[in-house]
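Inside the fold
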Amino acid sequence: YRLAAGPLPPDASPACCTYEFSVRLRFPNEFEMYHFVAMLRRCVRVDHYQQASKMLEYQKQQTAAAVPRQRQLYKSGGQLEVLLVEARRLKPLQSALNTVLQSDPIALYESWSKGRTEGDPSQSNQMLGPDYLPELMGTTDGRMPKQTPNGSPIATFVNFRMLHPTEAAPGEKPGRPEVVPYRGQKVQISSVINGTDSPVWARESELEAAGGWTFRTGMIDPDKFPRLLLEFEVMQAAVFSATRIGLIQIPVTEEQFLTNPEQRFKNLWLPLVNIKDGQQTPNITGEIHVMTHWLPAEMKQVFSDGREKMQLSTRQMFNKQIWHKVSQKCIREPIYGTEALYFRNVYNPNSVRVNGEKVEAETFKNTFRRHVEELSHAVPYLECLERRQLNAWNLFKAPIISAVLNT
């Protein structure tokens, strides 16, 4: 026999070996001693191999039990995540003539004769703040800048619902759509933004990392809900009750508008409408910015302990989409791909002011990334405004065309 050196068994460590025995053995010759030591070492290694085999077999059983559970829970459909970024111009800007016509003449004369002060109600139409123009010049203190002035000092929030139209019998009017609950709640409510009619949820300190307020849905089965709708209802908060500013509904499963597995991320600007006399009437102003992320059921992975694998958030999907633009040496226009020459003289860390005081400015790379994001948002925003303008022109021309045809 020859004893060859090899790896120590796991129970040779003092941390694993609880008991230790000292045994004195005497053999008649050297051959018997080698035979006993080799047999003892073989028994220890066989025991270690059997324990390792049992552990591998147990892990395979856990994996095999988790796969049918995952297929049983998520057969089809998926989950939708909606990110509310901001809203703009929820209240139309009043002209000076409308302010004069709608105000009390005596109060208006007194306010103008005494001079305008900070607490004067006529200051509600003061659209530009002292820090607004420096933000538009391109350099901030690191916060997301507002693309529109503060406007009217109101408090706003958004209600989020999932609606599914009910089927009506032939010849009958369709009933009210059915509200699809999520975790026992029919309505999800965002946080309240005070002091402006252009709220930006992405500027809030607790929401800055996520990029805004996040709404989530449960598992959506397109076969069960073929005409599912998402409703965003923008509300103005008050002391006793809230009033509606506007709403918008967008399809989810119809024509795979938000459930297309080939286009799981969407960046949307939506114009607000109101219901008057049972018909939808577009608001003069008011748009909301949302981003959606569709996660198909086959991409959701469930571990053996019931936890789900972490997926990319909506903000991370947007960063992934624009990363190739951020990595370029220069900023390019989103439509024609030409270089944005205005950006060469934009960065100026010495011009950053907050409430009249100089603060630490953002770095050049953060300014570069932020301008790429703003250009990415500009294309859907201009499309939203163009649709509203075309709709307004169509409403204006419709009575004129009908009057001409009737004559």
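For the structure, see preceding data.
Rules of the game
Residues numbered from 1 in each chain as written. Predicted model: local features only at pLDDT ≥ 70, side-chain atom pairs only at ≥ 80, totals over all residues. Heavy atoms only, no water. Helix = DSSP H or I, 4+ residues; strand = E, 2+ residues; numbered from the N terminus. Buried < 20%, exposed > 50% of the residue type's maximum accessible area, 1.4 Å probe, protein only. Contact = heavy atoms within 4.5 Å. Areas by Shrake-Rupley, 256 points an atom, 1.4 Å probe, with all protein chains shown as cover. Expected span 1.5 Å × (residues − 1). Bend = angle between axes of the 7 residues up to and from the residue. Phe/Tyr/Trp six-rings, centres within 6.5 Å; stacked < 30°, edge-to-face > 60°. Lys NZ or Arg CZ within 6 Å of the ring centre and 35° of its normal. Patch = residues over 30% accessible without salt bridge, like charges linked within 9 Å, V, L, I, M, F, W, Y side chains within 5 Å. Salt bridge = Lys/Arg side-chain N within 4 Å of Asp/Glu carboxyl O. Axes fitted to C-alpha atoms, helices over the stretch in contact; angles between N-to-C directions. Parallel < 35°, antiparallel > 145°, perpendicular 65-115°, else oblique. Nonpolar A, V, L, I, M, F, W, Y, C, P; charged D, E, K, R; others polar.

**A short note on the overall build of the protein chain**
The helix and strand inventory of the protein chain stands at six helices and eleven strands. Counting every position in the protein chain, which comprises 407 residues, the buried fraction comes to 33%. Of all intrachain contacts in the protein chain linking residues separated by at least 6 positions in sequence, the fraction that spans at least 24 positions is 72%. For the protein chain, the accessible surface area stands at approximately 27400 Å², while carbon and sulfur atoms represent 55% of it.

**A word on helix α6 (residues 364-406)**
An ideal rise of 1.5 Å per residue puts 63 Å on 43 residues; α6 measures up with 63 Å between its terminal C-alpha atoms. Of all the bends in α6, the greatest, near 30°, is centred on Lys 397, and the proline Pro 399 appears no more than four residues after it.

**Observations concerning the packing of aromatic side chains**
Using the criterion set out here, one finds seven aromatic pairs in the structure. Both rings, one in Phe 27 and one in Phe 36, keep their centres 5.4 Å apart while their planes meet at 45°; by these two values the pair is tilted. On the accessibility criterion, Phe 27 (27% relative accessible area) is partly exposed. Taken together, the aromatic side chains of Phe 160, Phe 215 and Phe 232 make up a single cluster linked through ring pairs. For the cation-ring pair, Arg 88 lies above Tyr 381, with the distance from its terminal atom to the ring centre recorded as 4.4 Å.

**A look at a nonpolar patch on the surface**
A cluster of nonpolar side chains, contributed by Trp 393, Phe 396, Ile 400 and Val 404, occupies part of the molecular surface with about 440 Å² of accessible area. With respect to the secondary-structure elements, Phe 396 resides in helix α6.

**Focus on the environment of Ala 210**
Within the element layout of this structure, Ala 210 appears in the loop between β4 (188-189) and β5 (213-220). A residue is classified by how much of its surface remains accessible, and Ala 210, at 35% relative accessible area, is partly exposed. As for Ala 210 and Leu 83, which are separated by 127 residues in sequence, their C-alpha atoms are 8.4 Å apart. Ignoring sequence-local partners within four residues, the contact set of Ala 210 consists of Leu 83 and Arg 315.

**Describing helix α5 (residues 314-326)**
With 13 residues, α5 should reach 18 Å at 1.5 Å per residue; the first-to-last C-alpha distance of 18 Å fits that figure. Along α5, the sharpest kink reaches roughly 35°, centred on Lys 320. Thr 314, Arg 315, Met 317, Phe 318, Ile 322 and Val 326 are the residues of α5 that are buried. Elements in contact with the buried residues of α5: β1 (78-88), β8 (265-276), β9 (279-296) and α6.

**Things to note about unusual backbone geometry**
A positive phi angle, close to 50°, is found at Arg 89, a residue other than glycine. Within the fold, Arg 89 resides in the loop between β1 and α2 (96-102).

**A few points about the side chain of Thr 156**
Of note, Thr 156 is situated in strand β2 (residues 156-164). Classification of Thr 156 by relative accessible area gives buried; the value is 0%.

**Considering the packing of α5 against α6**
Viewed as axis vectors pointing N to C, α5 and α6 meet at an angle of 105°, and their least axial separation amounts to 10 Å. Comparing the axis directions of α5 and α6 gives the class roughly perpendicular. Every residue of α6 that contacts α5 at Arg 315, Phe 318, Asn 319, Ile 322, Lys 325 and Val 326 is listed here: Phe 368, Arg 369, Val 372, Glu 373, Ser 376 and His 377. Here the contact of α5 with α6 is built from residues that sort into five nonpolar, three polar and four charged.

These results come straight from atomic positions and should not be treated as a statement about function.
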